[in-house]
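For reference, the chains in residue letters:
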Amino acid sequence: ATLANSLLVASSVTVVSLIIGSLAAYALVRISFQFRHGLMIGILGTRMIPEISLVIPLYIIASQIQILNTPYILIATYLSFSLPFAIWLMAAFFETIPVELEDAARIDGCTRLEILFRIVMPISAPGLVSTALFIFLIAWDEFFFALIFTSTVAAKTVPVAIAEFTGRYVVDISAMMTGGVLAAIPPVLLSLVFQRYIVSGLAAGSVKG
């Protein structure tokens, strides 16, 4: 159950972050508007907010809308730090794409959304895969929010379940090692499958022009 919860939470956070983050990143890179630079700095600044400072207000809100001890509270809280990361990372990839390609598509009659989904996104496939893997790993390994907002077996994730093998007087080493191996299998498999995209995506996002 905990493995399924971790997969559900990490996958949902990854998909939502990629969709919203890609749209926001493209708008910030290609659309000129006032305070665009300040907005980018503000998005980055949200990653600097300590998690512990958000626990009490998030707990109160979650208890009022009755989503404590469910995967939904974890998805919502994880998006608070995965979305800024996705926006900044995808913005770096979008900046490497020549504007001339989009201008040519616009001359052919494509709208901005058609340009994004038909031209920009396919070219940015390595960046999308790299971003998706990083977000998945962040959500998969997150411990603090999962510990605070879940207390039942039906809602706990793998990191919290592994930590519970440590008691006050006894530590179940064999169970912890087994849980750690099982928790490492999905990230390792993803890294092996998408290794080529990850390397090319990191290289592409590090160079502009």
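Take the pattern of salt bridges next. In the structure shown here, the tally under the stated rule is 2 salt bridges. The residue Arg-106 makes a salt bridge to Asp-103 at a minimum N-O spacing of 3.2 Å. Of the two residues, Arg-106 and Asp-103 are both situated in helix α5 (residues 99–107); the distance of 3 residues between them amounts to about one turn of the helix.

Considering all chains together, one arrives at 8 aromatic pairs under this definition. Between Phe-85 and Phe-134 the ring centres are 6.3 Å apart and the planes differ by 90 degrees, which places this aromatic pair in the edge-to-face class. With Phe-85 in helix α4 (residues 71–94) and Phe-134 in helix α7 (residues 125–141), the pair connects residues that are 49 residues apart, well separated along the chain. In this structure Phe-85 comes out as partly exposed when scored by relative accessible area, which is 24%. An aromatic cluster of three or more residues is present, and its members are Tyr-59, Tyr-78, Phe-81, Phe-144, Phe-145 and Phe-149.

Next up on the list: unusual backbone geometry. Glycine aside, a negative phi is what most residues show, and trans is what most peptide bonds show. A positive phi is found at Gln-66, a non-glycine position, where the angle reads about 60 degrees. In this structure, Asn-69 is a non-glycine residue whose phi angle is positive, near 60 degrees. Note that Asn-69 resides in the loop between α3 (55–64) and α4.

Time to look at a nonpolar patch on the surface. Nonpolar side chains collect at one region of the surface, where Val-15, Ile-19, Ile-20, Leu-23, Leu-113 and Phe-117 lie side by side and expose about 560 Å² of accessible area between them. Relative to the elements of secondary structure, Leu-23 occurs in helix α1 (residues 2–30).

Our next topic: the layout of surface pockets. Within this model, the largest pocket holds a volume of roughly 220 Å³. The wall of the largest pocket is formed by Leu-28, Val-29, Arg-36, His-37, Met-40, Trp-88, Ala-91, Ala-92 and Glu-95. In terms of residue class, the lining of the largest pocket is built from 6 nonpolar, 1 polar and 2 charged.

Moving on: the environment of Ala-86. Turning to its location among the elements, Ala-86 is positioned in helix α4. Note on Ala-86: relative accessible area 0%, which makes it buried. Considered as a pair, Ala-86 and Glu-100 are 14 residues apart in the sequence and their alpha carbons are 25 Å apart. Excluding its chain neighbours within four sequence positions, the residues that come into contact with Ala-86 are Ser-17, Gly-21, Thr-131 and Ile-135.

Moving on: the packing of helix α2 (residues 36–46) against α4. Close contact between α2 and α4 brings their axes to 8 Å; oriented N to C, the two are set at 135 degrees. When the axis of α2 is compared with that of α4, the two are oblique. Where α2 crosses over α4, the handedness of that crossing is left-handed. For the pair formed by α2 and α4, the contact residues are Met-40, Ile-43, Leu-44 and Thr-46 on the first element and Pro-84, Ile-87, Trp-88 and Ala-91 on the second.

Rules and cut-offs
- Think of each chain on its own: its residues are numbered from 1, step by step along the sequence as written.
- Note on the predicted model: pLDDT of at least 70 is required for a residue's local features to be given, and 80 or more for side-chain atom pairs to be given and counted; whole-chain, interface and lining totals, by contrast, use all residues.
- Hydrogens and water molecules were not included; the side-chain quantities draw on all heavy atoms of the structure.
- By convention in these notes, a salt bridge is any Lys or Arg side-chain nitrogen within 4 Å of a carboxyl oxygen on Asp or Glu.
- Only DSSP runs of H or I covering at least 4 residues are called helices, and only runs of E covering at least 2 are called strands; the numbering of each starts at the N terminus.
- Geometry of aromatic contacts follows a simple scheme: Phe, Tyr and Trp rings, the Trp one being its six-membered ring, pair when their centres are within 6.5 Å, and the pair is stacked under 30 degrees between planes, edge-to-face over 60, tilted otherwise.
- Note on classification: 1.4 Å probe, protein chains only; a residue is buried when its accessible area is under 20% of the maximum for its type, exposed when over 50%, partly exposed between these limits.
- Here a patch means residues that are over 30% exposed by relative accessible area and free of salt bridges, tied together within 9 Å if like-charged and within 5 Å if nonpolar (Val, Leu, Ile, Met, Phe, Trp, Tyr).
- Residue exposure ignores everything except the shown protein chains as possible cover, and the areas themselves are Shrake-Rupley values with a 1.4 Å probe.
- Lining residues are defined by having an atom within 4 Å of a point belonging to a cavity or pocket. Those points lie on a 1 Å grid over the protein atoms alone, cavities being sets where a 1.4 Å probe fits but cannot get out and pockets being open sets with protein on both sides within 12 Å along at least five of seven lines.
- Grid points are joined across faces, edges and corners, and a volume is the space filled by probe spheres set on the points.
- Polar here means any residue other than Ala, Val, Leu, Ile, Met, Phe, Trp, Tyr, Cys and Pro, which are nonpolar, and Asp, Glu, Lys and Arg, which are charged; Gly is therefore polar.
- We call two residues in contact whenever any of their non-hydrogen atoms come within 4.5 Å of each other.
- Throughout, an axis means a line fitted to C-alpha atoms (over the contacting stretch in the case of helices), and angles, computed between N-to-C directions, take values from 0 to 180 degrees.
- For classification purposes, angles smaller than 35 degrees are called roughly parallel, those larger than 145 roughly antiparallel, those between 65 and 115 roughly perpendicular, and all remaining angles oblique.
- Crossing handedness: left-handed means the near helix sits turned counterclockwise from the far one by under a right angle, and right-handed means the same turn made clockwise.

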